[in-house]
Amino acid sequence: MASALHQVALAYAQLHEQGVIHADVQPGNVLIDQNGRVRILDFGLSGLTREEGARARRGRASLVEFMEPECAKALLEGTERPAPSRLGEQYSVAAMLYAFLTGSEYVQFALQQDAALKQVCHSPMLSFASQGVRPWPEMENVLSRALSKAKEGRFSTMREFAEAIGELSVRRIAAKVPRWRGQSNAARWSAQCIRPLTSPSNDGIAALWTSPTASVYMGAAGGAAGLLRMAECTGSGQMLAAADLWAARAVASIRTPGAFFDRANGIHPQLIGRGSLYNGRPGVFCAQALVARAIGNRSLQLEATAAFIESTTGRFRQWDLTLGTAGIVLGCASLASAAWGMPRAIVDLLLRHGDRHLANLRTQLDANTSLTGRRGATSVAGMAHGWAGALYAALTWMLVRGGDVPTWVLPRLDELSNYGGPDKNEMTWPVRVGKATSHAGPRQNGWCAGGAGFVHLWTLAFQATSEQRYLELAVRTGGAVAGVNGESISLCCGLAGRAYSLLTLYRATGEPKWVHRAERLAQRALMCARVSSEEDLRLYKGPLGLAVLQTEFECPEQARMPFFEMDAGLRFTANREVVS
């Protein structure tokens, strides 16, 4: 990652040395291919430095997240905005690189424009630790200098800034986690696994999936989401094109028999309902919007986002992550994180939509269930169908939306934490919580109902609150999840989902042992996959999730579970584009 950032800074340095100011710095205008080559896009607002005055009169890009203080000050004072400059663009590039590294903005910006502009002028850069990211003091010092509020405090040139990053990238590469010996075999297995997806026949969906054929969990939309994640890891244009194809085919098939239901196996409309992100129409539209964002098709992204909103209007009977309201909140967060650059009206609509569903989720949790069992009942605890998933969705929405953790979330996190045990070093979690809760019986270590899901929850709680006790819970739970046992290879219940949780721990702690433990689980999953009867290319319930996992070990610092964890490069609180 550090090497890629160095190449981005060098690309801007070369522009400046040729007298060109880009004037539209944002992640969507930077492409990095699988060989690390950088391409800067969209020079519609660019100009030569000798034409800066003319360029200022013609307008400039004004995304607040990447705006320099000189421009923000002029907007606050109602004066003419300064022309784009080399030192101003250095600030913008540093803000973008900070976002690439941490997944967050360098300041937790307010949603109100004037308040956000004041933060650009006065608020200092947040530390990596405050964002729930492993500290990197040397890089933080370099970025902090480039993000100096006074022009005189920045690097004298973009070249000097790029060289400072380059020196750090060399050190970082030297300390990189080594590849595991079985990685080449795993890569060959993954390539063979996904070949039907990247070389699709004219037979379409029916040739690769049995019912349900369209959903994220078990159908073509999951195929698109998995390929998108692999394309992000590898830079493969072929995988990205295939993701676009399968997303389109999933949308085209939503009205066909068997798109979401398989009555013979108990997957029926009464179970799925109409508000399931992972098993219904909302997930298909969400997957298409995310793929459209990746390929730069803004009109398709807008269309798919609007379809997602329309398909999730109203209230839903179920509240859990995979079937109900919590999943819709997570879907809103995923779409909002990718919404910068979209029309303000659709962004505002999406934010209001997410806020309404978060309020609905709280109402459902208050009215229909009890975490402690005080009403004489027990509640499901895990990620897929229980409290962990509901709280995870609420925290994710808060991180995307900006602002404080909802007041109702923290007491429930603390209450849920009381059920961990009995071994404090290898903490396990019951399937259900309440008066009758017991840790007797087999361990539940999968993502859906066990420890892997709780690792994600506690790590996200640490990121949202910076409270060390949540990270300690995640680490203790990781000790149990890391045990090499089980035969299921899936993301949902099996080894692949457990491995992803350990990679999340690596990102949070920086300790290489978690990568090595994830590798051990991946190796076992690969052994099991060779004798597995799971043939459908299902993302969460088949071998596709394992194929995606194998690509993550090339850059474990950026690993994230597909269609669940947020994109580290796109987590922004909202689009705040100032119209010229």
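Rules behind the numbers
Residues numbered from 1 in each chain as written. Predicted model: local features only at pLDDT ≥ 70, side-chain atom pairs only at ≥ 80, totals over all residues. Heavy atoms only, no water. Helix = DSSP H or I, 4+ residues; strand = E, 2+ residues; numbered from the N terminus. Buried < 20%, exposed > 50% of the residue type's maximum accessible area, 1.4 Å probe, protein only. Contact = heavy atoms within 4.5 Å. Areas by Shrake-Rupley, 256 points an atom, 1.4 Å probe, with all protein chains shown as cover. Phe/Tyr/Trp six-rings, centres within 6.5 Å; stacked < 30°, edge-to-face > 60°. Lys NZ or Arg CZ within 6 Å of the ring centre and 35° of its normal. Expected span 1.5 Å × (residues − 1). Salt bridge = Lys/Arg side-chain N within 4 Å of Asp/Glu carboxyl O. Axes fitted to C-alpha atoms, helices over the stretch in contact; angles between N-to-C directions. Parallel < 35°, antiparallel > 145°, perpendicular 65-115°, else oblique. Left-handed = near helix turned anticlockwise from the far one by under 90°. Nonpolar A, V, L, I, M, F, W, Y, C, P; charged D, E, K, R; others polar. Core = buried A, V, L, I, M, F, W, Y, C linked by side-chain atoms within 4.5 Å. pLDDT = per-residue confidence, 0-100.

### Brief notes about the overall build of the chain
Phase 1: Looking only at helices and strands, one finds 22 helices and six strands in the chain.
Phase 2: Evaluated residue by residue, the chain yields a buried proportion of 60% over its 580 residues.
Phase 3: Contacts in the chain between residues at least 24 apart in sequence constitute 70% of all its contacts with a sequence separation of at least 6.
Phase 4: Accessible area for the chain stands at about 22500 Å²; split by element, carbon and sulfur atoms hold 50% of it.

### Quick word on the environment of glycine 219
Phase 1: Mapping glycine 219 onto the fold places it in the loop between α8 (183–198) and α9 (220–234).
Phase 2: For glycine 219, a relative accessible area of 0% puts it in the buried group.
Phase 3: In sequence terms glycine 219 and leucine 537 are 318 residues apart; their C-alpha atoms lie 7.6 Å from each other.
Phase 4: For glycine 219, the contacting residues outside a window of four places in its chain are Trp209, Pro212, Thr213 and Ala214.

### So, unusual backbone geometry
Phase 1: Going from serine 211 to proline 212, the amide bond is cis rather than trans, its omega being -5°.
Phase 2: In this structure, proline 212 sits in the loop between α8 and α9.
Phase 3: With phi around 70°, alanine 23 is a residue other than glycine that occupies positive phi space.
Phase 4: Within the element layout of this structure, alanine 23 appears in the loop between β1 (20–21) and β2 (30–32).
Phase 5: Phi angles above zero are rare outside glycine, and serine 466 is one such case at about 60°.
Phase 6: Mapped onto the elements, serine 466 comes out in the loop between α18 (451–465) and α19 (468–481).

### Things to note about the packing of aromatic side chains
Phase 1: Overall, the coordinates contain 18 aromatic pairs when judged by the stated rule.
Phase 2: Here the aromatic rings of tyrosine 217 and tyrosine 278 are separated by 5.8 Å at their centres, their planes lie at 75°, and the arrangement is edge-to-face. Residue tyrosine 217 is located in the loop between α8 and α9, and its partner tyrosine 278 is located in the loop between α11 (269–272) and α12 (281–295); the two are separated by 61 residues in the primary sequence.
Phase 3: Given the relative accessible area of 8%, tyrosine 217 is considered buried.
Phase 4: Following the ring pairs from residue to residue traces out a cluster consisting of Tyr217, Tyr278, Tyr392, Trp447, Tyr540, Phe563 and Phe564.
Phase 5: Sitting over the face of the ring of phenylalanine 155, arginine 145 holds its NZ or CZ atom 4.1 Å from the ring centroid.
Phase 6: A cation sits over an aromatic face here: arginine 517 above tryptophan 514, 4.9 Å from the ring centre.

### Here we look at α18
Phase 1: Relative to the 21 Å expected for 15 residues at 1.5 Å per residue, α18 spans 21 Å between its end C-alpha atoms, a close match to the ideal helical length.
Phase 2: Most of α18 is tucked away, with 13 of its 15 residues classed as buried.
Phase 3: At the exit of α18 stands serine 466, carrying a positive phi of roughly 60°.

### What about the pattern of salt bridges?
Two side chains carrying opposite charge are able to pair once their charged atoms lie near each other.
Phase 1: Throughout the structure, instances matching the rule amount to 15 salt bridges.
Phase 2: Between aspartate 348 and arginine 344 there is a salt bridge, with its nearest N and O atoms 3.1 Å apart. One end of the pair, aspartate 348, and the other, arginine 344, are both in helix α15 (residues 344–368), four residues apart, so they sit about a helical turn from each other.
Phase 3: Linked through salt bridges whose partners overlap, the residues forming this network are Arg229, Glu232, Glu552 and Arg560.

### Quick word on the packing of helix α17 (residues 409–417) against α19
A pair of packed helices is characterised by two quantities: the angle between their axes and the separation of those axes.
Phase 1: As a packed pair, α17 and α19 sit with axes 12 Å apart at the nearest point and diverge in direction by 40°. Taken together, the axes of α17 and α19 are oblique relative to one another. Judged by the twist between their axes, the crossing of α17 over α19 is left-handed. Only Arg469, Tyr470 and Leu473 of α19 make contact with α17, whose side of the interface consists of Leu410, Leu413, Asp414 and Ser417.
Phase 2: Among the residues forming the contact of α17 with α19, the class breakdown is four nonpolar, one polar and two charged.

### Things to note about helix α13 (residues 298–311)
Phase 1: When the terminal C-alpha atoms of α13 are compared, their 20 Å separation across 14 residues agrees well with the 20 Å that a helix rising 1.5 Å per residue should span.
Phase 2: Among all positions of α13, only Leu300, Gln301, Ala304, Thr305, Ala307, Phe308, Ile309 and Ser311 are buried.

### Concerning the environment of alanine 339
Phase 1: Mapped onto the elements, alanine 339 comes out in the loop between α14 (325–337) and α15.
Phase 2: Of the residues examined, alanine 339 reaches a relative accessible area of 2% and is grouped as buried.
Phase 3: Residues alanine 339 and leucine 302, 37 residues apart in the sequence, show an inter-C-alpha distance of 8.9 Å.

### Considering the nonpolar core
Phase 1: Within the largest apolar cluster, 141 residues are counted, with the highest numbers of intra-cluster contacts made by Trp246, Tyr278, Trp447, Leu457, Trp458, Tyr540 and Phe564.
Phase 2: No other element matches the 12 residues that helix α16 (residues 387–401) contributes to this core.
Phase 3: Leave out the neighbours within four places in its chain, and tryptophan 458 touches Leu413, Leu416, Ser417, Trp429, Tyr470, Leu471, Leu473, Ala474 and Thr477.
Phase 4: Grouped together as the second largest cluster of nonpolar side chains are 49 residues, Ala9, Leu97, Leu117 and Val142 included.

### Structural notes on the environment of glycine 494
Phase 1: Within the secondary structure layout, glycine 494 lies in the loop between α19 and α20 (495–509).
Phase 2: On the basis of relative accessibility, which here comes to 3%, the residue glycine 494 falls in the buried class.
Phase 3: Separated by 27 residues in sequence, glycine 494 and leucine 521 have C-alpha atoms that sit 9.5 Å apart.

### Quick notes on the confidence of the model for the chain
Phase 1: With 84% of its residues at a pLDDT of 70 or more, the chain has an overall mean of 85.
Phase 2: In the predicted structure, residues 50–58 sits below a pLDDT of 50 and forms 14 contacts with residues beyond four places in sequence or in another chain.
Phase 3: Long-range and interchain partners of residues 173–181, a stretch whose pLDDT sits below 50, account for 15 contacts in this model, where long-range means more than four residues apart.

### Some points on the packing of α9 against helix α10 (residues 237–252)
Phase 1: At a minimum axis separation of 8 Å, α9 and α10 run at an interaxial angle of 165°. Considered as vectors, α9 and α10 are oriented roughly antiparallel to each other. When you trace α9 past α10, the crossing you get is left-handed. Side by side, α9 and α10 meet where Ala220, Ala221, Ala224, Leu227, Leu228, Met230, Ala231 and Thr234 of the first sit next to Met239, Leu240, Ala242, Ala243, Trp246, Ala247 and Ala250 of the second.
Phase 2: Across the contact of α9 with α10, the residue classes break down as 14 nonpolar, one polar and no charged.

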